Every structure is written in C-alpha cells, then in structure tokens.
Amino acid sequence: MTIAQMDGREIHVDQEGFVTEYDDWDPDLADLLATNIGLELTRRHREVLEFLRQDYRQQGETPTLRRVTAVGGFPTRELFRLFPKKPAKKMSYVAGLPKPVGCV
Amino acid sequence: MNERRLVILGGGTAGTMVANRLHRELRDWTVVVVDRDDEHHYQPGYLFVPFGTYEPQDLVRSRRKFLDDAVEVVYAEVDRVDPEASMVHLQGGRELGYDQLIIATGTHPDPGETPGMLGSGWNDTVFDLYTLDGARRLADALESWTGGRLVVQVCEMPIKCPVAALEFAFLADAHLRRTGRRSATELVYVTPLDGAFTKPIASRELGTKLAERDIELEADFMVDVIDEDRRVIVSYDEREVPYDLLVTVPVNRGAAFVGRSGLGDELDHVRVDPATMQSTAAGNIFAIGDAANLPTSKAGSVAHFAVDVFVDNFLDHVAGRRMDREFDGHANCFIETGDGKAMMIDFNYHTQPLSGAYPLPGVGPFRLLEESRINHAGKLAFRWLYWHMLLPGRPLPLASEMSMRGKVPEEVNA
Ligand SMILES: Cc1cc2nc3c(=O)[nH]c(=O)nc-3n(C[C@H](O)[C@H](O)[C@H](O)COP(=O)(O)OP(=O)(O)OC[C@H]3O[C@@H](n4cnc5c(N)ncnc54)[C@H](O)[C@@H]3O)c2cc1C
C-alpha cells in the first residue's frame, strides 16, 4: 500500500496504482486517472464508471466485463471502444476500484 | 423420522469426494447424490487424447462404483432448487427435500455462447478440447494435419483448468516436431489475458516457454465472433486471427439451474463465501468444486484441498457450531510442456505461483515453475491417485493450506 499525491491530496493506491480506498475517489480524480492512461472521459465513460462504483458498493467486488454488459447494459464492443484493449482493467482503474478478480 | 438428509447435486470429482467423506462422519444422515448419468470422466485425461496417449475408454468409469454403497444415487437432471422450501426439483417432476444441500455440478463448455462457433466449421476445422467427444475428433484432425495455422484459443475466464489450453499448445508443438510437421505449422496461442497466465511470475515464465518454442502469443484477445467461412476469429476491438485448425476452449458456464434458482452469478457459478463455500443466499446451501465462484483456479486439486477444509466446517455447521476453518484458495497444477516434461505451480488467493520445491522444501521431488521429468511423472501418476485415493476420500500427504516453505519469495527471485 502506498500513498500517492494526486489532485492535490493523498490517495491510497496499490503497487499497480489502483486506488485502494473506495472513498478516496471522486469524479475529478477519475479525470486524472483517465489522463494517466491516455483517456479523456466523455459522458458515456462516466455512465460506465457510475455503474461500476454502484455495483461494487452493492456486491463488494469489481464487476467483470461480462457483468458490466449483462447487468449494466453496456455492449462489450462499446466498452472496448471506450476503454481500448483492456476494458476490464482500465474501467476499474479509472473507477478507483480493485482489478476484477475471477481472472484466475 | 428424525433422520436428516444431505443432498449433493453432481457426482463428479468434488461431489464424489464429499459424499464419501461425509457419509462416514454423518452416520445418522441419509446422503443422496444426484447426477444425470453414470459416466464419471477423468477430465484431465482429455488433454492427452488428441495425441493418442489415452483412448476414451481409459478415462471413463461408473460413478456408482466410486461412491460408497451407503450413499444413495439418483440419476436425473436437476431442474431447479427452491431455497425457501429446501427442495430440489428434478426434471420429470420428482422432488427431493433436503436439510442441507451441496451443489457440485461443476462448470462446462458452452460453445453456443460465442457467435459463429457452432457454424459450418464446428468439428471440422473448429474443435472443443474440453469434452471427450471434442478431444477424440481433434485426434483425427491432428492425425491428418499436414500444416498451416494451428490456433489454440481461450474465449473467456474463468475456465476450469486454466492451463489446459497452454499445455495443449506445448504438447502440439512437441508432437508435430516428433512427426516432422512442425516446420510446416504456425502455432498461435490466443488468450483474453494480458499474458500467458494470470499471475505475473508464472505469466513471465510461461511466456518464455512459448517464445522458446516459437509459439506466437496473441494476448488481450476477447473473441466477439468466429467466422468459420473465412476461418478467422474476430475480437471485440476488431483484430482478426486467421486459422486453418482452431482448438478452442469455449466460455465455461455453471449448470443452468443455478441461475434459475437465483443462486448464481452471470455465468451461473454459485455465489459463495470464499472461506467457507456457503451460499450467500441460503445458510443450508454450499457449493464446492468448479460450481462455486471462488476467486481461485477451477481444478480437481483445488476441489480436493477445499473439501478438506469444507468437511471440518460442515460438521461444525450441522452440529450448530461456528465454522472456523477458512479455505485459502490453495491450487496446485502440473503444466505439461512436452517431450516428457512438465512444470508445476502452487498458489492461493493471496500468493502467486513462485519458484522452489514441493511439497518438501529444498527436496521436492517436484520443482515449482521449472520443467522436469519428475513433474511429468507426477502428472501421469495423478490419474491413478484420482481413482484410488482422491475419489474414495483417502488422505493424501499434502496440506490443504498452501505453505510458503520451499518457495523462493519474489524479491529473491527478481
Ligand atoms: C481438458 C481438461 C484438463 C484438466 N486438467 C486438470 C488437471 O491437470 N488437474 C486438475 O486438478 N484438474 C484438471 N481439470 C479440471 C478438473 O477436471 C475439474 O476441475 C474437476 O473435475 C471439477 O470437479 P467438480 O466436481 O467440480 O465438477 P465435475 O467433475 O465436472 O462434476 C460435475 C457433475 O455434475 C453433473 N451435473 C451437472 N449439471 C447437472 C444437472 N443439471 N443435473 C444433474 N447432474 C448435473 C455432471 O454430470 C458431472 O458429473 C481439467 C479439466 C479439463 C476439461
């Protein structure tokens, strides 16, 4: 666990830079995290992030790509367009959530 | 009668182990196992069928024979569980009430889940490695193979035995070399993961093994459709991988009744507490083996370690005591690398596969994350252990909790 200075405040992150404290996150931080991986957030990105955050709060774990499609209603192809190459990893990174498990 | 009834759905690896172990402990209970048929397959053997090492009849036994006589067996397809009424509905209308229920119906390949997979090329140029039938047909296709692009592909995680496809690629490389067809073959390994395996050190080691064998790695590839007329697989981000022969691991799904009963996740794997394997929806329902959505590998070895912990907990649970053992996700897999050698990995929820020796520090005899002949011998010996030790529920001299003894920590390794 490390502390990173971002957005003018202290953010808890893991070795790979994923935010580890749910409450450290806010929409401004999302913009910053997105910039780190070369993304610029649109309204549609934010809708996806919203779903991830809310689902995490209810389920206690980061939803898989399949769940974001099945339950959140975002087509997989669109997720690949919004978060190119590695949507599962990128979405959770920008949403300030742990990497989804299940990839084992 | 105050006799209590334990119903176990699924009489495969996990269901058989747990039935045999529990009926010995729960003397005044009725133990019932439900399965759709009497064919118990040794699934790890499928991997060797395409190369003629095993014939199908080497891998199939009667389920009944491996269940203690006192265990009742019902042959039927499970249709639905009603957790509120503690009732199992079987197809054909029969009902089976329970005091405690264990779901051990595993996970299975679902080729219909990927558009195009069941098209014109199915069982002709596209083969499923995860069924005995698919493996057998693949044996014929390999026999007449003269060269071209042989693509080995995993659709989506999680799958059971996450290394089997990789092993197939290694074995195919060795097999084609031995039979003089390797230079005419382009071998490609396609995975939705960002490397050869999920965890970094093993991914690096296995990635090196692929490169050494001139097997191309196509990572981060989530298949959208298979176009069997053009013979290409297409990813969601519109990359295309052409093939002449495609060996695929379809999306793996739990039994459909799990979803219908409101007990599962998006892939019909039962939602459970990862430490106790108790359903998050009902206190008298548990899931073991591949059927559960545990964040560890789906493998027979994992089921074995999990059952050790589970049995102790379950006995506490039915006696009204707290369950105080916690499963750590211990997984232990041999990985065939061809030419009579194999690697081994040992890990759990928290510790990724490391190098070293197993089970005895410094001694082994198995080497972790290294190729050796003894590892391969271990893999082949596993078939005997499976039928004669694992299924009957005899103790193996291996600890259910993963141990750091004998492992080389990451820092030292780096
Ligand atoms: C190619 C391949 C290679 C593998 N290699 C290895 C290896 O090297 N090492 C290792 O440890 N593991 C390996 N595995 C994985 C291992 O076989 C499984 O993890 C293990 O069998 C899981 O046991 P289980 O009891 O959970 O499920 P299974 O053994 O699959 O049993 C599930 C049972 O439930 C029954 N069932 C399902 N649905 C219903 C229903 N609706 N009604 C009635 N009955 C139903 C089925 O008939 C089946 O008997 C491999 C698997 C494959 C496919």
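Conventions adopted
Every residue gets a number counted from 1 within its own chain, in the order that chain's sequence is written. Naming scheme: in the order in which they are written, chains are lettered from A and ligands are numbered from 1. Whole-chain, interface and lining totals are the exception, using all residues; otherwise, since this is a predicted model, local features are given only for residues with pLDDT of at least 70 and side-chain atom pairs are given and counted only at 80 or more. Strands are runs of DSSP state E lasting at least two residues, helices are runs of H or I lasting at least four, and both sets are numbered from the N terminus onward. With the radius of gyration taken over C-alpha atoms, the globule rule is written as 2.2 Å times the number of residues to the power 0.38. It is the C-beta atoms, placed from the backbone, that decide contacts: two residues are in contact if theirs lie within 7 Å. In short, DSSP must find at least two bridges between two strands for them to pair. Every axis in this analysis is a line fitted to C-alpha atoms, fitted for helices over the stretch in contact. Angles between the N-to-C directions lie between 0 and 180 degrees. Either an automatic procedure or a domain database provided the assignment from which the domain bounds are taken. Three classes are used: nonpolar for Ala, Val, Leu, Ile, Met, Phe, Trp, Tyr, Cys and Pro, charged for Asp, Glu, Lys and Arg, and polar for all others, with Gly counted as polar. Exposure classes come from backbone-placed C-beta atoms, where a residue is buried if 20 or more other C-beta atoms lie within 10 Å of its own, exposed if 12 or fewer do, and partly exposed in between. Put plainly, near means the residue's C-beta atom, positioned from the backbone, lies within 6 Å of the molecule or strand in question. For this classification, under 35 degrees means roughly parallel, over 145 means roughly antiparallel, 65 to 115 means roughly perpendicular, and everything else is oblique. Here a crossing is called left-handed whenever its near helix is offset anticlockwise from the far helix by less than a right angle, and right-handed whenever the offset is clockwise. Each nonpolar core consists of buried Ala, Val, Leu, Ile, Met, Phe, Trp, Tyr and Cys residues. Their C-beta atoms, within 7 Å, join them into a set.

Asker: Tell me about the overall build of chain A, and name the residues and values.
Answerer: What chain A contains, in helices and strands, is 5 helices and 2 strands. Listing the helices and strands of chain A from first to last along the sequence gives β-β-α-α-α-α-α. In summary, chain A has a C-alpha radius of gyration of 13 Å against a globular reference of 13 Å for 104 residues, a match within 12%. In terms of principal-axis extent, the alpha carbons of chain A reach across some 35 × 25 × 20 Å.

Asker: Report on the overall build of chain B, specifying residues and quantitative values.
Answerer: Scanning chain B from terminus to terminus reveals 8 helices and 25 strands. Over its C-alpha atoms chain B spans a radius of gyration of 21 Å, differing by no more than 12% from the 22 Å that the globule rule assigns to 414 residues. Partitioning the intrachain contacts of chain B with sequence separation of at least 6 by distance along the chain shows that 65% fall at a separation of at least 24.

Asker: How would you sum up the sheet that holds strand S16 (residues 232-235) of chain B? Please name residues and give values.
Answerer: Residues and elements named next belong to chain B. As summarised here, the arrangement of the 3 strands in space is S15-S16-S17, forming an open sheet in which the pairing is antiparallel. Both outer strands of the open sheet, strand S15 (223-227) and strand S17 (240-242), are each paired with one neighbouring strand and no more. Across the sheet, the mean angle separating the axes of adjacent strands is 20° when strand polarity is ignored. Where S15 meets S16, 4 bridges bridge the pair, whose relative direction is antiparallel. Opposite Ile226, over in S16, you have Ile233 as the bridge partner.

Asker: Please give an account of the environment of B:Glu39 that cites residues and values.
Answerer: All names here are of chain B. When you line up the elements, Glu39 lands in strand S3 (residues 39-41). For the pair Glu39 and Arg63, spaced 24 residues apart in the sequence, the C-alpha separation amounts to 5.8 Å. In this structure Glu39 touches Val60 and Arg63, once residues within four positions along its chain are discounted.

Asker: Let's hear about the domain arrangement of chain B: which residues, and what values?
Answerer: Residue and element names in this part refer to chain B. Examined at the domain level, chain B breaks down into domain 1 (4-106 + 255-318), domain 2 (119-251) and domain 3 (331-413). The C-alpha centroid of domain 3 is placed 25 Å from the C-alpha centroid of domain 1. Of all the secondary structure elements, the ones that give two or more residues to the side of domain 1 that touches domain 3 are helix H1 (13-25) and helix H6 (300-318). Counting residues per element, the side of domain 1 that touches domain 3 draws most heavily on H6, which supplies 7 residues. Each residue belonging to the side of domain 1 that touches domain 3 can be placed in one class, and the counts come to 11 nonpolar, 8 polar and 3 charged.

Asker: Give a detailed account of the sheet that holds strand S20 (residues 285-287) of chain B, specifying residues and quantitative values.
Answerer: Residue and element names in this part refer to chain B. Across the sheet, 5 strands lie side by side as S5-S2-S1-S9-S20; this open sheet has parallel pairing. The sheet is open, and its two borders are formed by strand S5 (72-75) and S20, each paired with just one other strand. The mean inter-strand angle of the sheet, taken between neighbouring strand axes irrespective of direction, is 20°. Contacts from H1 reach strand S1 (4-9), strand S2 (29-35) and strand S9 (100-103), with the element oriented near 170° to S2.

Asker: For the pairing of strand S23 (residues 355-360) of chain B, give the residues involved together with the corresponding values.
Answerer: All names here are of chain B. Bridge analysis of S23 against strand S25 (residues 407-408) gives 2 bridges, and the strand direction is antiparallel. The residue of S25 that forms the bridge with Ser355 is Val408. Of the pairings in the sheet, the one linking S23 to strand S24 (residues 364-368) comprises 5 bridges and is antiparallel in character. From the neighbouring strand, Leu360 faces S24, where its bridge partner is Gly364. Adjacent in sequence and paired antiparallel, S23 and S24 are bridged by 3 residues, among which Gly362 carries a positive phi angle near 75°.

Asker: Pulling in residues and values, what's your account of unusual backbone geometry?
Answerer: Residue and element names in this part refer to chain B. The omega angle of the peptide bond from Met157 to Pro158 is 0°, so this bond is cis rather than trans. Here Gly364 and Pro365 are connected by a cis peptide whose omega angle stands at 15°. For Pro365, the position within the fold is in strand S24. The phi dihedral of Asp214 is positive, around 60°, even though this residue is not glycine. Relative to the helices and strands, Asp214 resides in the loop between helix H4 (200-212) and strand S14 (215-218). In this structure, Asp339 is a non-glycine residue whose phi angle is positive, near 55°. In this structure, Asp339 sits in the loop between strand S21 (331-338) and strand S22 (341-347). Under the C-beta neighbour-count criterion, Asp339 is labelled partly exposed, with 16 such atoms within 10 Å.

Asker: Lay out the site of the ligand in plain terms, naming residues and giving numbers.
Answerer: Residue and element names in this part refer to chain B. The ligand sits among 35 residues. The nearest are Gly10, Gly12, Gly106, Gly289 and Gly300. Elements supplying a minimum of two residues to the shell around the ligand: H1, S2, H6 and S21. Taken together, the residues of the shell around the ligand break down into 18 nonpolar, 11 polar and 6 charged. A domain split of the shell around the ligand shows at least three residues from each of domain 1 (4-106 + 255-318) and domain 2 (119-251).

Asker: How would you explain the packing of H1(B) against H6(B) if you had to name every residue and give the values?
Answerer: Residue and element names in this part refer to chain B. For the pair H1 and H6, interaxial distance at closest approach is 10 Å and the crossing angle is 30°. By the criterion of interaxial angle, the relationship of H1 to H6 is roughly parallel. Of the two elements, H1 crosses H6, and the hand of that crossing is right-handed. Taken together, the residues of H6 that come into contact with H1 (itself represented by Thr13, Ala14, Met17, Val18, Arg21, Leu22 and Glu25) are Gly300, Ala303, His304, Val307, Phe310, Val311, Phe314 and Leu315. For the contact of H1 with H6, the residue count by class is 10 nonpolar, 3 polar and 2 charged.

Asker: Now, about the nonpolar core: what can you tell me, with residues and values included?
Answerer: With 117 residues, the main nonpolar core has B:Ile8, B:Val18, B:Ile103, B:Leu129, B:Ile288 and B:Ala306 as its most contacted residues. Those residues in contact with B:Leu129 that sit more than four places away from it in its chain are B:Tyr46, B:Gly134, B:Ala135, B:Leu138, B:Ala164, B:Ala165, B:Phe168, B:Val247 and B:Val249. Core analysis: the next-biggest nonpolar cluster, separate from the first, contains 16 residues, A:Val48, A:Leu52, A:Leu65 and A:Tyr93 among them.

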